[in-house]
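Coordinate inspection notes
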Amino acid sequence: MRIIDIIEKKRDGHELSKEEIEFFVNGYTENTIPDYQISALLMAIYFQGMNERERGDLTTAMVESGDQIDLSKIDGIKVDKHSTGGVGDTTTLVLGPLVASVGVPVAKMSGRGLGHTGGTIDKLESFSGFHVEITNEEFIQLVNKNKIAVIGQSGNLTPADKKLYALRDVTGTVNSIPLIASSIMSKKIAAGADCIVLDVKTGSGAFMKTLDDSRELAHTMVKIGKHVGRNTMAVISDMNQPLGFAIGNALEVKEAIATLRGEGPQDLTELCLTLGSQMVYLGKKAASIEEARKRLEESIKSGKALEKMKTFISAQGGDPSTIDNPDLLPQAKYAIELPSKQAGWVSEMGADEIGHAAMLLGAGRKTKDSTIDLSVGIVLKKKIGDYVEERESLLTIYSNNENVDEVKNKLYECIKISSEEVAKLPLIYEVIS
Ligand code: URA
Ligand code: CA
């Protein structure tokens, strides 16, 4: 087989066979095919697309390019959740204990990563003593006993995706739905998920800016999942403004605790119940989505979900009394209000820009060696469609630095106030099952 023939075939709009897809994925991973030929092939895929079978075969080839996590010693159906990325997305912290509390095993492998705030592990380290340095055996034992544990990322998962993603980044080929979908799905599958629930974000703060693109990405990933035998469902949710009120590590933990207590922001609660219902249904702990939702609501109401959070935190060395007393979480020195310059309705709250402001305060990493300040961030008081009086606070900035002028200016730029009434935004645009 020759790579030049594969490039020409795709360039001319033909379908690649399973063998041809494996040939280029393995050849690139093993450095026997150079960047320039794979660049040309990626551009051909960008323009010509891939059909359902090709997308499935590409995903499988990327999964098989490296290690696969074996979760077979964990009882039950392992359901993983993936979000295509947003600002202030506290869902993982809520969903883990919530679905575990009704018996769905949550075996979470997580990273730290770059971004506006830390990753799930950084956030959990807001609990003094909490750690993810556990062995694979301990991890499996904990999930079997408590239905939930988190371990740091290890092993050589989907090396083909790492190389291809880096090449796409510099060749103008990131924004291809078959390539994005196979990239995301290959990582989830290699991490051992039996079933996958996807939260595809849409809007100005999301990877996909339009509803049409988000819908196509979601349907593509659901089909890939089914094609490779991993039942998959998806939700398309809004990312024109941050989710919930809190953006920051300890601040989001506090918000997650409130949500598990039944006192969280309405949008975060609703999204967690929607995604959680799909997880519980796929995990076969309820006969229908409706029954799954009832079980989750009941678990919040009875305190079982919150109790599960305590069990989980203390099993990995964290102090569970923090959950009853969130003031034990890292606290910033200063709480500074951002008063509105005019009265009116909030019409824009750029999620990306607010995330960036949180990063300037020290909540996120700029490079992989930066350290994170767990205590800082932003807590919104208003969302799009809310009315605000002149001088009324739009949000609180939590900082360890008294001078936050740069952050304030940035926030004033991205929060728009209209003198005419503005409608609230929908939260969930589509549920795909
Ligand atoms: N996220 C991924 O993991 N892969 C992509 O290709 C795009 C977003
Ligand atoms: Ca939030």
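Sequence order as written defines residue numbering, which begins from 1 separately in each chain. To read the labels, note that chains go from A and ligands from 1, taken in the order they are written. For this predicted model, a pLDDT threshold of at least 70 governs which residues receive local features, and a threshold of 80 or more governs which side-chain atom pairs are given and counted, while totals over whole chains, interfaces and linings are taken from all residues. With hydrogens and water set aside, each side-chain value is computed from the structure's full complement of heavy atoms.

Rule in force here: UniProt positions are given in the numbering used here, feature names are shortened, and annotations may be inferred rather than shown by experiment.
You'll find the protein chain entered in an unreviewed UniProt entry as Pyrimidine-nucleoside phosphorylase, with Pallidibacillus thermolactis given as the organism. According to the UniProt record, the Cofactor (unreviewed entry) comment for the protein chain reads "K(+)". What the UniProt record of the protein chain gives under Subunit (unreviewed entry) is the line "Homodimer."

A look at the sheet that holds strand β4 (residues 195–202)
In plain terms, the rule: Should DSSP find at least two bridges between two strands, the strands are regarded as paired. Numbering of helices and strands runs from the N terminus, with a helix taken as a DSSP run of H or I at least four residues long and a strand as a DSSP run of E at least two residues long. Axes here mean lines fitted to C-alpha atoms, for a helix over just the part in contact, with angles spanning 0 to 180 degrees between N-to-C directions. When checking whether two residues touch, look at their non-hydrogen atoms; a contact exists if any pair is within 4.5 Å.
Taken together, the four strands give an open sheet; going across it, the order is β1-β4-β5-β13, and neighbouring strands pair in mixed fashion. The open sheet has two free edges, formed respectively by β1 (79–83) and β13 (428–432), since each of these has just one partner strand. For this sheet the average axis-to-axis angle between neighbouring strands, irrespective of direction, equals 15°. Bridge analysis of strand β5 (residues 232–238) against β13 gives four bridges, and the strand direction is antiparallel. The residue of β13 that forms the bridge with I236 is E430. Against the sheet, helix α10 (residues 211–227) contacts β4, β5 and β13, and its axis sits at roughly 165° relative to β5.

What about the site of ligand 1?
Inclusion rule: Near is defined per residue: the residue qualifies when any heavy atom it owns lies within 4 Å of the molecule or strand. Whenever two N or O atoms come within 3.5 Å, that pair is a polar contact, provided that in protein one can donate a hydrogen and the other can accept it, and provided that, for residues adjacent in sequence, both atoms are side-chain atoms. In this description, accessible areas are obtained by the Shrake-Rupley approach with a 1.4 Å probe, and a residue is regarded as covered only by the protein chains that are shown. Residue polarity is assigned by list, with Asp, Glu, Lys and Arg as charged and Ala, Val, Leu, Ile, Met, Phe, Trp, Tyr, Cys and Pro as nonpolar; anything else, Gly included, falls into the polar class.
Around ligand 1 lies a shell formed by Y165, R168, I180, S183, I184, K187 and F207. In the model, an oxygen atom of ligand 1 is placed 2.8 Å from a nitrogen or oxygen of the R168 side chain. Taking S183, its side chain carries an N or O atom lying 2.6 Å from a nitrogen atom of ligand 1. Relative to its unbound accessible area of 230 Å², ligand 1 is 86% covered by the protein chains. Among the elements of the structure, α8 (159–169) and α9 (177–190) are those that each provide at least two residues to the shell around ligand 1. When residues of the shell around ligand 1 are assigned to their parent elements, the largest contribution, four residues, is made by α9. Considered class by class, the residues forming the shell around ligand 1 number four nonpolar, one polar and two charged.

Examining the nonpolar core
Defined as follows: Side-chain atoms within 4.5 Å are what join buried Ala, Val, Leu, Ile, Met, Phe, Trp, Tyr and Cys residues into a set we call a nonpolar core. Only protein chains enter the accessibility calculation, which uses a 1.4 Å probe; a residue is then buried when its area is under 20% of its type maximum, exposed when over 50%, and partly exposed in between.
Counting 77 residues, the largest nonpolar core has F127, I378, L395, L411 and I415 as its most contacted members. With eight residues, the single largest contributor to this core is helix α12 (residues 266–282).

Some remarks on the sheet that holds strand β10 (residues 387–388)
Paired through backbone hydrogen bonds, the strands of a sheet run either parallel or antiparallel to each other. With antiparallel pairing, the three strands of this open sheet are ordered in space as β10-β8-β12. Sheet topology places β10 and β12 (415–418) at the edges, where each strand pairs with a single neighbour. Pairing of strand β8 (residues 344–349) with β10, which is carried by two bridges, proceeds in the antiparallel orientation. Opposite W345, over in β10, you have Y387 as the bridge partner. Contacts from helix α17 (residues 405–414) reach β8 and β12, with the element oriented near 45° to β12.

Quick notes on the packing of aromatic side chains
Note the following rule: Geometry of aromatic contacts follows a simple scheme: Phe, Tyr and Trp rings, the Trp one being its six-membered ring, pair when their centres are within 6.5 Å, and the pair is stacked under 30 degrees between planes, edge-to-face over 60, tilted otherwise.
One pass over the full model with this rule turns up three aromatic pairs. Between F130 and F312, the ring centres sit 5.7 Å apart and the planes meet at 75°, which makes this aromatic pair edge-to-face. Residue F130 is found in the loop between α6 (120–124) and α7 (136–146), and its partner F312 is found in helix α14 (residues 304–315); the two are separated by 182 residues along the sequence. Using a relative accessible area of 5% as the deciding quantity, one classes F130 as buried. Residues W345 and Y387 carry aromatic rings whose centres are separated by 5.0 Å and whose planes lie at 70° to one another, so their mutual orientation is edge-to-face.

Description of a negative patch on the surface
Here is the rule we go by: Without a salt bridge and with relative accessible area above 30%, a residue can belong to a patch; like charges are then joined within 9 Å and nonpolar side chains (Val, Leu, Ile, Met, Phe, Trp, Tyr) within 5 Å. Only one rule defines a salt bridge in this text: a Lys or Arg side-chain nitrogen within 4 Å of an Asp or Glu carboxyl oxygen. Residues scored as positive are Lys and Arg, those scored as negative are Asp and Glu, and His as well as the terminal groups of each chain are ignored. For this purpose, a charge sits on NZ of Lys, CZ of Arg, CG of Asp or CD of Glu.
A grouping of E348, D352, E353 and E413 is seen on the molecular surface, where their side chains present a negatively charged patch. Within the element layout of this structure, E353 appears in helix α16 (residues 351–361).

Regarding the pattern of salt bridges
On inspection of all chains with the given rule, the structure shows 24 salt bridges. Note that D5 is salt-bridged to R2, the shortest N-O span being 3.0 Å. Residue D5 is classed as partly exposed on the basis of its relative accessible area, which comes to 36%. The exposed category is assigned to R2, whose relative accessible area is 51%. The partner of R53 in a salt bridge is E15, and the shortest N-O contact between them spans 2.9 Å. In this pair, R53 sits in helix α4 (residues 52–63) while E15 sits in the loop between α1 (3–11) and α2 (18–29), placing the two residues 38 residues apart along the sequence. Judged by relative accessible area, R53 falls into the partly exposed class, the value being 25%.

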